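# Structure assessment
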Amino acid sequence: MLRNRLALVLLTAIAPAVWGTTYLVTTELLPPGRPLLAAVIRCLPAGILLIALTRRLPQGSWWWRSLILGALNIGVFQALLFIAAYRLPGGIAATVGAVQPLVTAGLSALLLGDRLTLRTVLSGLAGVAGVSLLVLRANAALDAVGVLAALGGAVVMAAGIVLAKRWVSPAPMLATTGWQLTAGGLLLVPVTLLAEGAPPSHYSLANVLGYTYLCLIGAAVTYALWFRGLRALPPTSVSFLSLLSPVVATLLGWLALGQDLSPLQALGALVVLGALIAAQTQRPRTAAKPAPDAEPAAAPRPARENA
């Protein structure tokens, strides 16, 4: 059982680790000043692809549930992330966003009945401290709107994680992931047009490669792994894994872009990893049981319908 859980944690951790490559891909391969366009191209085609592969559409309450989950996990989160990224230095945005595991733990206690333990709180605080050591700079300037956007992004993502755990879909995981990516991508389209205008008329080979990577690897594969892990693991444990993103982004900046890596940053990375390990090795305090308002599994369909 322990070995199976470790394997599941490692598979789930692939998602935030890959998301940590987004900065490198964006700066080196994508056209400048188009973060929302990148979010749309990353999410919407990936969602449509997964729906086409699974040939499953939402049924009943899952139409509005997919819209809410897609907004929280994808659409609204990406929009707030965009605002924070433009109004704040990256270090402050990442540090504020690192409160997400603590927010997830609090919402899990309120909505799922999970116990909020001292170990979780201390691990969450250590994670924030580690990320701040890793990415925060002494001359970073604060902006009230940017800070609120970064904090709002952490809150909506935490809410999406907890609701995804509470609402157990009877459909295959790839289909549920496709619904959320499509809903989130569609919500981002009008925001992107208003904020960034029409898409560029020409794309270079580097642009195409970057967008393809973000869509297939950075969305279709990673979100499927993320939601698969969330279905089987405690939501707070999964949320702590998101702290891997700034660690990977910093390491790639050092290895691929020649950026400096100070001893203080290395200490921050070790603190983050320590917080991750502490959160993953904590035993769940609630018995595993179906979510209280989960829908019953759909009856198997005849073989000819699945052909």
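Residues numbered from 1 in each chain as written. Predicted model: local features only at pLDDT ≥ 70, side-chain atom pairs only at ≥ 80, totals over all residues. Heavy atoms only, no water.

One broad rule of soluble globular proteins: the nonpolar side chains tend to lie buried together. By size, the foremost hydrophobic cluster in this structure holds 49 residues, and its most contacted members are Leu 181, Tyr 223, Trp 226, Leu 243 and Leu 276. Looking at this core, the element that brings in the most residues is helix H10 (residues 205–232), giving seven residues. Once residues lying within four places of it in the same chain are set aside, the contact partners of Trp 226 are Thr 12, Ala 15, Pro 16, Trp 19, Met 157, Ile 161, Val 238, Ser 239, Leu 241 and Ser 242. Formed by seven residues, the second largest nonpolar core is a distinct cluster that contains Leu 44, Ala 79, Phe 82 and Leu 188. (Core = buried A, V, L, I, M, F, W, Y, C linked by side-chain atoms within 4.5 Å. Buried < 20%, exposed > 50% of the residue type's maximum accessible area, 1.4 Å probe, protein only. Helix = DSSP H or I, 4+ residues; strand = E, 2+ residues; numbered from the N terminus. Contact = heavy atoms within 4.5 Å.)

So, about H10. Across its 28 residues, H10 extends 39 Å between first and last C-alpha, which sits within 8% of the 40 Å expected from 1.5 Å per residue. For H10, the principal kink sits at Thr 222 and spans about 30°. (Expected span 1.5 Å × (residues − 1). Bend = angle between axes of the 7 residues up to and from the residue.)

Time to look at the packing of helix H9 (residues 173–196) against H10. If you want to describe how two helices pack, look at the angle between their axes and the distance between the axes. Their axes nearest at 9 Å, the elements H9 and H10 cross at an angle of 115°. Where H9 crosses over H10, the two elements pack in a sense that is right-handed. Packed against H9, whose contacting residues are Met 173, Leu 174, Thr 176, Thr 177, Gln 180 and Leu 181, the element H10 presents Ala 219, Ala 220, Tyr 223, Ala 224, Phe 227, Arg 228 and Arg 231 at the interface. Considered class by class, the residues forming the contact of H9 with H10 number eight nonpolar, three polar and two charged. (Axes fitted to C-alpha atoms, helices over the stretch in contact; angles between N-to-C directions. Left-handed = near helix turned anticlockwise from the far one by under 90°. Nonpolar A, V, L, I, M, F, W, Y, C, P; charged D, E, K, R; others polar.)

Enumeration according to the criterion identifies six aromatic pairs in this entry. Judged by centre distance (6.2 Å) and plane angle (50°), the rings of Trp 62 and Trp 179 are tilted. Highlighted residues: Trp 62 in helix H4 (residues 62–87) and Trp 179 in helix H9, separated in sequence by 117 residues. Look at Trp 62 and you get buried, because its relative accessible area is 2%. The class of Trp 179 is buried, set by a relative accessible area of 5%. Seen in terms of ring centroids, Trp 64 and Trp 167 are 5.5 Å apart; in terms of plane orientation they differ by 85°. Their pairing is edge-to-face. Taken as a pair, Trp 64 in helix H4 and Trp 167 in the loop between helix H8 (144–166) and H9 lie far apart in primary sequence, 103 residues in all. Counting every residue linked through ring pairs, the aromatic cluster contains Trp 19, Tyr 223, Trp 226 and Phe 227. Its guanidinium or amino end placed over the ring of Trp 62, Arg 65 lies 5.6 Å from that ring's centre, counting from NZ or CZ. (Phe/Tyr/Trp six-rings, centres within 6.5 Å; stacked < 30°, edge-to-face > 60°. Lys NZ or Arg CZ within 6 Å of the ring centre and 35° of its normal.)

Our next topic: the confidence of the model for the protein. In the predicted model, the protein carries a mean pLDDT of 86, and the fraction of residues at 70 or more is 89%. Mean pLDDT values for the elements of the protein range from 40 in helix H14 (residues 303–306) up to 95 in H9. The low-confidence segment residues 286–307 (pLDDT under 50) makes 24 contacts with residues lying over four places distant or belonging to another chain. (pLDDT = per-residue confidence, 0-100.)

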